[in-house]
Amino acid sequence: MSATHPAVPLTERAAAHVMPTYGPPKATFVRGQGTALFDEAGNAWLDFLCGLAVTSLGHAHPAVTDAVTEQAGTLVHTSNLFLTEPAVGLAERLARITGWDDAKVFFAQCGATANEAAIKLARKHGKQRSPDKVRVVALDGSFHGRTLATLEATGQPAKHEPFAPLAGFVDHVAHDDPDALRAAVTAETSAVLLEVVQGEGGVRALDPAVLAAAREACDEHGALLIVDEVQTGIGRTGPWFAFQATDVVPDVVTVAKALANGLPIGACIARGPAAGVLSPGDHATTFGGNPVTAAAANAVLDTIEAQGLLDTARVRSQRLIEGLQRLADVAPYACGVRGRGLLLGLELDAPVAAAVEAACRDRFLLVNAVAPDVVRLAPPLTVSREEVDLALSALEEALSSVADAPA
Ligand SMILES: Cc1ncc(COP(=O)(O)O)c(C=O)c1O
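Values in this document were obtained by computation on a predicted structure and should not be read as measured data.

How each quantity is defined
- Residues numbered from 1 in each chain as written.
- Predicted model: local features only at pLDDT ≥ 70, side-chain atom pairs only at ≥ 80, totals over all residues.
- Heavy atoms only, no water.
- Pairing = 2+ DSSP bridges.
- Helix = DSSP H or I, 4+ residues; strand = E, 2+ residues; numbered from the N terminus.
- Axes fitted to C-alpha atoms, helices over the stretch in contact; angles between N-to-C directions.
- Contact = heavy atoms within 4.5 Å.
- Near = heavy atom within 4 Å.
- Nonpolar A, V, L, I, M, F, W, Y, C, P; charged D, E, K, R; others polar.
- Core = buried A, V, L, I, M, F, W, Y, C linked by side-chain atoms within 4.5 Å.
- Buried < 20%, exposed > 50% of the residue type's maximum accessible area, 1.4 Å probe, protein only.
- Domains from an automatic or database assignment.

Participant: Help me understand the sheet that holds strand S13 (residues 334-340), please; the structure alone is not making it clear to me.
Facilitator: Backbone hydrogen bonds are what pair the strands of a sheet, in a parallel or an antiparallel way. Strand order in the open sheet made by the 4 strands is S13-S14-S17-S16, with antiparallel pairing throughout. Each of the sheet's edge strands pairs with one partner strand only, and the pair in question is S13 and strand S16 (368-371). Neighbour to neighbour, the strand axes of the sheet diverge by 35° on average, direction disregarded. Contacts between helix H12 (residues 353-362) and the sheet are confined to strand S14 (343-348), S16 and strand S17 (374-377), with S16 contributing the most and set at about 165° to the helix.

Below you can see the structure in the form of structure tokens.
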């Protein structure tokens, strides 16, 4: 048995008893405040990763802390056999921000379980029309989660390989080929599942023609269009949801990550006929709509609204994009910028993103290599102008240091 004494380094304790599914840890943090994370030595890091696009209000936001504290001291859990105000209030708020008066919400715990609910909903919707209408069309490069169904929907074959064979109900098509997408949708398709901006796939915004093709094909074949807004939702790309900046309206939207600023939550939101598909007994989860996580989410949505953070974030995004474009002109390796809002990727002309990420860490800046040649930046919506400028300077230095490093 390994010691649990604090004198034993956390890395050793983790190595002894935590499954190594995430690779070697890159730092240990003890506290966060706004855009800053503090490590054991007291160093302040600039967090332009937000725990993978989660802490959009920054760390330890007082509105979230207060909501959680208040709710934790009032009522933590009841199960879904009973109603609580935070969950119902959150469903109402989600209906408001989607702009769907008839929206109905299923609460999950994370992105994968929100997508799992959406896939089950679509398969039931399909089967109500025809027994074989259970297939799903998804895109290459997509990421939808790690449960068996969402793993299968994820368009990254290497992630399937250790667990194959999978159930075989997902058809993948190229992310940039509207004709291939149209051709893949058939009478047996229950849903098309896609991200408007592929996050884990490399911060890649879909061509509007692909979105339009998905909507048309779904309409033609009576399938549902599910937009996975787990990473893009709650203002990350500009509007509340990335689809709201397009001409396409999905039938189902899933959201998670930033919804409760770090507490585990997911939601599957459906409109129109899709909203009425799931009935008692079809789907359930013990912790869904938990009062504490729902209270945190209500505080997040209220704060974004009250403080006009979608607008602030647009201004910061502009500054960050301009700064990154300048780097693409002057800094080694940097050659382009992609993404939307505060979900941005710095494109590199060589597969050095991991080295750039590490060099940023050496300068106490957290970003991540989302592809071999793309560095992802996802600062909080509350990031200040000064923090944007500091991050850009650190990134510029990091790029130079990688260029100067001996081969
Ligand atoms: C678009 C998208 N969908 C689903 C997921 C899975 O979410 P979770 O890790 O909360 O299960 C992610 C996670 O990165 C994601 O980016």
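Participant: Teacher, can you tell me more about the site of the ligand here?
Facilitator: Around the ligand, the surrounding shell holds 13 residues, and the nearest of these are Gly111, Ala112, Asp228, Gln231 and Lys257. Looking at the shell around the ligand, the element that brings in the most residues is helix H5 (residues 111-127), giving 3 residues. Its residues assigned to classes, the shell around the ligand shows 4 nonpolar, 5 polar and 4 charged.

Participant: How do you make sense of the sheet that holds strand S1 (residues 29-33) when you look at a structure like this?
Facilitator: Taken together, the 4 strands give an open sheet; going across it, the order is S1-S2-S3-S15, and neighbouring strands pair in mixed fashion. Edge positions in the sheet fall to S1 and strand S15 (365-366), since each of these pairs with one other strand and no more.

Participant: Explain the nonpolar core to me, please; I cannot follow it from the model alone.
Facilitator: Across soluble globular proteins, nonpolar side chains show a tendency to be buried alongside one another. Core analysis: the largest hydrophobic core is formed by 91 residues, its most contacted members being Leu181, Ile234, Leu259 and Leu395. Per-element accounting of this core gives the leading share, 8 residues, to helix H13 (residues 385-404). Counting contributing residues, this core receives three or more from each of domain 1 (80-306) and domain 2 (314-334 + 393-407). Setting aside residues no more than four positions away along its own chain, leucine 259 makes contact with Leu90, Leu94, Ile234, Ile265, Ala267, Ala297, Val300 and Leu301. Of all hydrophobic cores here, the second largest spans 24 residues; its members include Ala149, Ala153, Ala274 and Val277.

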